[in-house]
Structures are given as structure tokens and as C-alpha cells.
Amino acid sequence: MNLAVRDLRRHVGRFMATAAGLGLLLAVVISMQGIYAGMVDDATILTRAVGADLWLVQRGTRGPFAEASRVDPSVEDRAAAVPGVVRARSYTFNALQRDRNGAPLRLALVGLAWPDDRGDGLPLIAGRGLVQPHGEVVVDASLGIAIGETLVFAREPYRVVGLTRNALTSGGDAVAFLSLSDSQLIANDLPPEAVQTERVRFVERLRTTDLGRAQPALEDLALDPRWRAPALPMPPVGAVLVNVAAGQDVATVRRVFERWGDVAVFSQDEERDLVLQGLVQRARMQLGMFSVILTLTAAVIIAMVLYNMTLEKTHDIAVLKLMGTPARRLVFLVLQQAWLLGAVAYGVAFVIGRTLYPHFPRRVVLTPELLWAAPVAVLVLTTLASVLGVVHALRVDASRVLEG
Amino acid sequence: MEAVRAVGISKRFGDGDGAVFALRDVNLAVESGSVVALLGPSGSGKSTLVKALGLVQLPDEGDIHLQGRLVVSGGEALVDVGRLWRTQLGFVFQKANLVSFLTARENVEAACEMGGERDDVRGRADELLRYLEVDHRANAYPEALSGGEQQRVAIARALANRPSLVLADEPTAALDSRRGRAVMELFRRVAHEQGAAVLVVTHDHRALDVFDGCFEMEDGTLRPATRTSSASR
């Protein structure tokens, strides 16, 4: 006869309500871990998605995600010429916020090196990659924007041609992929008034130079909106991504780039660590501390619930002892109830997670590790939490039954 | 055969001048198949004697034999007390003290299991409930049973492990006189039909004719009592 089940059967309503409450608490604990896992995944998905062996960023910086990085576009061609390099691509990353239908629209623009990179490697769930270098964009489905809709950046329309899943920044913002030139156009966009002001200032600076005084006609060119000085550099890119040919030693190629004075080199793993340590570390610690506090809270609550359940049975336990019930059976009475409570609570937490987590504003990732570690943790937690109850059960004096 | 024999058992509570002797050199023997009453005023040591004989509260001194086997010597238990409770002893209390989360049948089944019943635990439980004429309430929880029904289930439970000694501490205190007498007669039946020795602590002098023998306690000492003298009190 299983005494634990018999007892719970008698108070099934209260037991289920208690388990549901604990389930909610466990759901919060699990969500903390899931939010952290989601944050890590979000932070690293961009570095994983591009599939580069080496990242060339501005010398002295740890860009492009951890901080601003400005790399001369010529680095792309120079890198492509290095022996062992099979592919070099420019890469830009810019965060922006716009209003859309009265609500803020936060995005990270990632420039793809058209025509080499059209977004075929992106985690597309609908639509396609880019087929033209201008006016097309692939966005993350979390934005809720459908294929065919239009976004306006820098006063120009961009048609959504593809949707990705979970292409997010470490901050949880959706990523929009478009051609490198489009991303730079948007990133460097200035209001017309600012452009006009810059042109006037350019003319004024020109007049102070010998060239301007000798060639007054240059002023007309400077004020012409269609003209661009051929000597002005192309806008810098955030990074250059390098793929090393199969069979080539990445370390050997890396040593070549390390001798260049204008770039710093990071491997894929190093770039991932930079993102995690730089952007996610504090949030990770914050969530970790919350998790510890919540876990301790859950442990204390479970311990109190189990202790009270045992306390209520003190007289029954005394009777059972006088019937000769072995101590191990009384221990199992408390332990089995603890485990059942934990199992039901975990089930509730699991259902809550599956139902509610997808609607959380930040992604909650229930990794396989978390899904098997959580029930083990619940088992350990409930076992430890039952110690008070077990000790009480063992201390119950059978003679109290005879005291009327 | 003697189901229980106590030799020179004493029990003292407290130390020094404030010490109270609950049992003073008590000697007692109860034969198997007999039902014996233990009388005495409150505080005379009846419950302490029952606790000592049931090894619930061991005496400070003296020996106790169960079924001819020495189980307590010099106030020390020589056996696994829990095992003894499971296999040789049955307790009935003033309150029925049924396990609240078990039905009447399950209370008896649990005791059967503890007592080592392996086959047909349910059959044995039903048989006992029928024997005590409470089988129609087998699936009821204790709180749904009347006082008399609870007490009958408690007796069934006490008999579940086929005990050699049943200790009953004021089992009729919570019952009216009619039901109280019925319970006492039940004990007599149990003793005579099941072969168990039954020691009943009682204040109820109206049903003393049911018992095969009577003892009286006063200030921790035990002496034989006649039904007449006891009944006249």
C-alpha cells in the first residue's frame, strides 16, 4: 500500500493547487534560464550565420558588435588577395529605431556583400534572399511584417522579400539583411537640411584653400547635389569577413592579417566570446543571481509546504509508528510526496513554458540541456526540501497516540 | 500459556524529591485467550503500565516476557520494538486513532501488511471487518464513521496482525454505555475466539462481568481486584 498516494488522494485538490503554485514558481526559474539561453543564442546567431573563419575589424577595437568599427573597404580586396583566402566580404552592422504605424521599430541593419552574398545562408523560413542590390530587405519574422510589405528607410522604400527565424541581436532586436550599399546608404543618411548645410560649409572651406581660389568653378560642383568628389573615400565598413580555403591552415592566414597595421583579427569563436563577454555578461550575471534567489525561494517554499504537510500528519504518523511501520516507509511517505509535488509542479511549469514563453518579448530558449537538467534539479530540490519533513516524521513519538 | 508476564517493573518520572513513581515493582501475568480489566483512578499508573507492556515507554527496571520470550530486561529492550509492534501487539485507544487518510478497510489492510500478511490482504481485512460487523462501512473514511464504528474498525486493525496481546487503553471512554458494553463483549469474543490476551484499561465498572479477571492500580502498585469490590466503588 502506497501511503503517500493514499494521503494525496485524500487531499487531491489542495495538493494540485499547491503543485500549481510551485509550478508557476518553477516556470519563473526555468524562464530565467531560458531567457539567458535565448540571450546567448540571440547574441551569437549573427556570428554563426555568416560562417566566417576570420573577422577583420578596426585595429584597436573589438567590433563590430561590441563597439563601432571602421574598416576601409579596400581591406576586402586586400584580404581576398591573401594566399589561402577563398572569400572576403564586407560586413556592416548598424542599429536604428524608426516609427512604424505609431509604434517604435527597432532594427539592426546587416549589410550583405552583394552579389557574393545574397542571404542564401540565412535562416529563412519564408520568401527568398536578395535578387537585386537595392530596395530589398530580409527581416526577422518576430517583427510581424509580412512578405511584400514595404519599409521606408532614408526616404526610400524597401520591400520585404524574405523572413528569418530568430535572427536577433544580443538586445533581442530583429535583424534586417539588405545589400551592403543599401545599409551604408541608410546608415549615412542625413536630412536634406543637413546635406545643404554641409555643402555650404564645404564651399566655405574650399574658398579658404588655394585650390578653391584658383578654380572658382569648383564651387558650382560642390553645390550640385548630383556631384560627388572622386577623391572622397567610400564609406567604411564594420568588418571584413574572411573564409579560408579548405585544407588551408587558418592560423597561417591569420598571421598574415595580424601583420597588417590597420586591422585586428578575431576567429569565429573569439568573436562569439567577445559578444558574450562584452554584451551579455552583466545580463548573464543578473539573470544568474535572480535564478539563485528564485531557486532558494522555491526550495524554502517547497520545504515549508512539505514540512506543513508532514506536520498535519503528525498524529497519523504516530499511529502508523505504533502499528510498527518501519522508519524507511515513513521516510518514503514524505519523500514520495515531495517527488510527486515536484513532478506535478514541473509538469505545470513545462506546460506554462510551452504555452506562454513564445509570447514573451524576449526569446526564451528551452535548450535540451535545460529540459533534462530542470527535472533533475527539481528532484534534488524536492529531496533536499523534504529533509525537515523527514526529520519531523522520524522524531514523532508513537506514545503520543496513547495520550488521548 | 502466558501471553505477557511483567516482573518487578517500575517507572519513575522526575528526579530527587520531586520524583513520582508511576509504577512500583509491578508484577502481572495475563494468559492467552483471556480478557483482563485494569481498573484504578486517574493518575494511578494504568496508562503507564499499558505503555510499558506495549514497549511504548520502557520501564526503568524489571523484565517483560511476551509469549515466554524475554523482551525487556532491567528496563532495556532486547528486541526490535517496531517489529514487535508489527507482529505481536495490537493497540486500541480511547480515541479510535484511525489513520485519517485511509479508509476503514485500508486501515486494516495497512496493519495486515505491517504484520507480514502476504496473501490476500484485502480478504483478511474484509474478514475482520465482517467479524466486527462493520464491513458495510469498509470504504468510508474515519471522519464519516460514528464513534462506535471507528472503535470497531480500530479493534479490527488491532487484530490484523494476529497479535498475542491486545492492549486497550480506555477504549469505551468516548462511547455511550450500550456501545461501551458492546465493545467490551467484543474484546471477550476476540480473546476467546482468536486466542489473544486482551488487557483493557477501563473506568466502566458496569461491564466487569465480561472480564475473566480484574486488576486494580493505585499509586503505581497493582493488586488483584474482585468484580464485586470493584463494582461497588
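Scroll up to find the structure this text is about.
Okay, so let's go over this structure. None of the values given here were measured: they were computed from a predicted structure.

Brief notes about empty space enclosed by the protein
Applying the stated criterion across every chain, the model contains three cavities of 30 Å³ or more. Of the volumes computed, that of the largest cavity is approximately 130 Å³. In terms of lining, the largest cavity is formed by 13 residues, of which the most central are L322 and M323 of chain A together with L89, F91 and R157 of chain B. When contributions to the lining of the largest cavity are tallied by element, the ones reaching two or more residues are α10 (314-322) of chain A together with α2 (81-87), β7 (89-92) and α5 (147-159) of chain B. With three residues, β7 of chain B is the largest single contributor of residues to the lining of the largest cavity. Across the lining of the largest cavity, the residue classes break down as nine nonpolar, two polar and two charged.

Quick word on the packing of helix α1 (residues 3-10) of chain A against helix α11 (residues 327-356) of chain A
Residue and element names in this part refer to chain A. Here α1 crosses α11 at 55 degrees, and the two axes come no closer than 8 Å. Viewed along their axes, α1 and α11 adopt a mutual orientation that is oblique. At the point where α1 passes α11, the crossing takes the right-handed sense. Residues L3, A4, V5, D7 and L8 of α1 touch α11, and the partners they reach there are R329, L333, Q336, Q337 and L340. When the residues that make up the contact of α1 with α11 are grouped by side-chain class, the tally is six nonpolar, two polar and two charged.

Describing the environment of M32 of chain A
Along the chain, M32 of chain A turns up in helix α2 (residues 12-50). Measuring from C-alpha to C-alpha, the distance between M32 of chain A and M289 of chain A comes to 9.8 Å, with 257 residues separating the pair along the chain.

Brief notes about the sheet that holds strand β4 (residues 61-66) of chain B
Residue and element names in this part refer to chain B. Pairing is antiparallel across the open sheet formed by five strands, whose spatial order is β2-β1-β4-β5-β6. Strands with a single pairing partner mark the edges of an open sheet, and in this sheet they are β2 (20-31) and β6 (76-77). Pairing geometry for strand β5 (residues 69-73) and β6, over two bridges, is antiparallel. If you follow V72 over to β6, its bridge partner there is A77. With respect to the sheet, helix α1 (residues 46-53) is in contact with β1 (2-13), β2 and β4, its orientation differing from that of β2 by roughly 60 degrees.

Here we look at the pairing of β7 of chain B
Residue and element names in this part refer to chain B. Burial along β7 is two-sided: the residues L89 and F91 and G90 and V92 are all buried. Pairing geometry for β7 and strand β8 (residues 165-169), over four bridges, is parallel. Bridge assignment links V92 to a residue of β8, and that residue is A168.

A few points about the interface of chain B and chain A
Of the residues lining the interface, 26 residues belong to chain B; the matching set on chain A comes to 24 residues. Contact between chain B and chain A buries roughly 2400 Å² in total, counting both sides, with carbon and sulfur atoms accounting for 63%. Inspection of the chain B/chain A interface yields four salt bridges. For the salt bridge of R329 of chain A with E113 of chain B, the shortest nitrogen-to-oxygen distance reads 3.1 Å. Along the contact surface separating chain B from chain A lie nine residue pairs in polar contact (both at pLDDT 80 or more). Of all elements in the fold, only α2 and α3 (104-114) of chain B reach the threshold of two or more residues within the side of chain B that touches chain A. Residue contributions to the side of chain B that touches chain A peak at seven residues, all from α3 of chain B.

A closer look at unusual backbone geometry
Even without a glycine there, the phi angle at A154 of chain A is positive, about 50 degrees. Structurally, A154 of chain A can be placed in the loop between β6 (150-153) and β7 (156-164). Of note, R162 of chain B is a non-glycine position whose phi angle comes to about 50 degrees, a positive value.

Rules of the game
- Residues numbered from 1 in each chain as written.
- Chains lettered and ligands numbered in written order.
- Predicted model: local features only at pLDDT ≥ 70, side-chain atom pairs only at ≥ 80, totals over all residues.
- Heavy atoms only, no water.
- 1 Å grid on protein atoms, 1.4 Å probe; cavity = no way out; pocket = protein on both sides within 12 Å on 5 of 7 lines; lining within 4 Å.
- Points joined across faces, edges and corners; volume = space filled by probe spheres on them.
- Helix = DSSP H or I, 4+ residues; strand = E, 2+ residues; numbered from the N terminus.
- Nonpolar A, V, L, I, M, F, W, Y, C, P; charged D, E, K, R; others polar.
- Axes fitted to C-alpha atoms, helices over the stretch in contact; angles between N-to-C directions.
- Parallel < 35°, antiparallel > 145°, perpendicular 65-115°, else oblique.
- Left-handed = near helix turned anticlockwise from the far one by under 90°.
- Contact = heavy atoms within 4.5 Å.
- Pairing = 2+ DSSP bridges.
- Buried < 20%, exposed > 50% of the residue type's maximum accessible area, 1.4 Å probe, protein only.
- Buried area = accessible area lost by both parts, 1.4 Å probe.
- Salt bridge = Lys/Arg side-chain N within 4 Å of Asp/Glu carboxyl O.
- Polar contact = N/O pair within 3.5 Å; in protein donor to acceptor, adjacent residues only side chain to side chain.

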